[in-house]
Amino acid sequence: LPEKTESILLCEMGKSQRKVYEAYKQMYRDKILKKVDTVGLNKSRFFVLEGLMKLRQICDSPALINNPDQTFDEDSVKIDLLVEHILEKTGEHKILVFSQFVKMLKLIRQHLEKLEINFEYLDGSTAPKDRQKGVERFQSDNNCRVFLISLKAGGFGLNLTEADYVYLVDPWWNPAVEMQAVDRTHRIGQTRNVFAYKLICKDTIEEKVLQLQQRKKNLVTDLISEEGSFYKSLEREDIEALFS
């Protein structure tokens, strides 16, 4: 196979996105550590997972955590950076964009529509026949340069060798899932070098997870598809570090 290059794109949050992030981080840190001290780590894992999920969503865009009582603007340094990259590369390259959050994919879709960028879209609700039609169009239509794909719906069974750039909008701590996503294009039939990028918000949970992966490298290496092993391995000091 041609060479595959994996890189990290560090994103600097704007003031309003950072303000939301810091407020939620502090709220969850206080809530979780108090819970751990009161009922122990095992009985607090639900709150840990909830906190991690919320902070990851805010790294994508505070709009992902909107609810009837509270709404946020669609500020997103990741979408800004991603669109910039897409505009630079769509003349000569085809691009896969993966996110775990369908709501994030839909925000990206709105931006591409405004810019009149030709794309395909796939999430878990896409019917099998439309899924196949989208793949065929991306592979054969030279005007269709971008494919937006939810991580769960697109991790298996897609052959997208026309792409040579992959963007993982919200990477997580199971490297096997990320590898499966990148391998939609880095497989037999690919003739060009593949470039894969993880979008990571600076000074956030995302950067801290990368550090944790390094510390727990043996555990991460053993992971195939079961993320529960990683969650169960978290100790109090890990949780303090993640929410610091």
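See the structure above.
A brief structural summary. (Residues numbered from 1 in each chain as written. Predicted model: local features only at pLDDT ≥ 70, side-chain atom pairs only at ≥ 80, totals over all residues. Heavy atoms only, no water.)

1. Some details on the packing of aromatic side chains
Which entries qualify depends on this criterion: Think of it this way: a Phe, Tyr or Trp ring, Trp meaning its six-membered ring, pairs with another when their centres are within 6.5 Å, and the plane angle makes it stacked under 30 degrees, edge-to-face over 60, tilted otherwise. Helix and strand labels come from DSSP, where a helix needs a run of H or I of at least four residues and a strand needs a run of E of at least two; each type is numbered from the N terminus. Categorising residues by exposure relies on relative accessible area from a 1.4 Å probe, with only protein chains included: less than 20% of the type maximum marks a residue as buried, more than 50% marks it as exposed, and the intermediate range marks it as partly exposed. Put simply, a charge is over a ring when the Lys NZ or the Arg CZ is close to the ring centre, within 6 Å, and near the line of the ring normal, within 35 degrees.
Going through the model one piece at a time under the given rule, you end up with six aromatic pairs. Ring centres 6.2 Å apart and planes at 15 degrees place the aromatic pair Y165 and Y197 in the stacked group. Taken together, the residues Y165 in strand 5 (residues 165-168) and Y197 in strand 6 (residues 194-201) connect sequence positions 32 residues apart. There is no split in this pair, since Y165 and Y197 are both buried. Between the aromatic rings of Y167 and Y197, the centroid separation amounts to 5.2 Å while the plane-to-plane angle is 15 degrees, which identifies the pairing as stacked. Remark: Y197 occurs in strand 6 and Y167 occurs in strand 5; sequence separation between them is 30 residues. The class for Y167 is buried, based on a relative accessible area of 1%. In this structure Y197 comes out as buried when scored by relative accessible area, which is 15%. If you follow K94 out to its NZ or CZ, it ends over the ring of F138, 4.8 Å from the centre.

2. As for the pattern of salt bridges
Under the convention used in this document: The salt bridge definition used is simple: a Lys or Arg side-chain nitrogen within 4 Å of an Asp or Glu carboxyl oxygen.
Within this structure, the stated rule accounts for 16 salt bridges. Residues participating in the shared-partner salt-bridge network are K4, E6 and D183.

3. Concerning helix 5 (residues 128-140)
Let me state the cut-off plainly: The length a helix should cover is 1.5 Å for every residue beyond the first. Directions from the helix axis toward the C-beta atoms define the arc. Contacts were defined at the residue level, with two residues in contact if any of their heavy atoms lie within 4.5 Å.
Over its 13 residues, helix 5 extends 18 Å from the first C-alpha to the last, a length consistent with the 18 Å expected when each residue adds 1.5 Å. Listing the buried residues of helix 5 in full gives G134, V135 and F138. Seen from one end, helix 5 has its buried residues packed into an arc of 100 degrees, which puts them on one side. Opposite its buried face, helix 5 presents the exposed residues K129, K133 and S140, each directed more than 90 degrees away. Those residues of helix 5 that are buried lie in contact with strand 2 (95-99), strand 3 (119-122) and strand 4 (146-150).

4. A few points about the nonpolar core
Heads up, the rule is: We define a nonpolar core as any set of buried Ala, Val, Leu, Ile, Met, Phe, Trp, Tyr and Cys residues linked to one another through side-chain atoms lying within 4.5 Å.
V97, I108 and L148 are the most contacted members of the largest nonpolar core, which has 52 residues in total. Here the element with the most residues in this core is helix 1 (residues 15-39); it accounts for seven residues. For I108, the residues in contact, after removing those within four places along its chain, are I79, L82, V97, L148 and V169. In this structure, L122, V135, F147 and L158 belong to the second largest nonpolar core, which totals 18 residues.

5. What to know about the environment of T5
With respect to the helices, strands and loops of the structure, T5 is situated in strand 1 (residues 4-11). Given a relative accessible area of 27%, T5 falls into the partly exposed group. Between the alpha carbons of T5 and N193 there is a distance of 7.8 Å; along the sequence they are 188 residues apart. With sequence-adjacent residues up to four places away left out, T5 is seen in contact with V194, F195 and A196.

6. With respect to the side chain of T161
Tracing the sequence through the fold places T161 in the loop between helix 6 (151-154) and strand 5. The contacts of T161, once residues within four sequence positions are left out, are Q139, R184, T185, R187, I188, G189, Q190 and R192.

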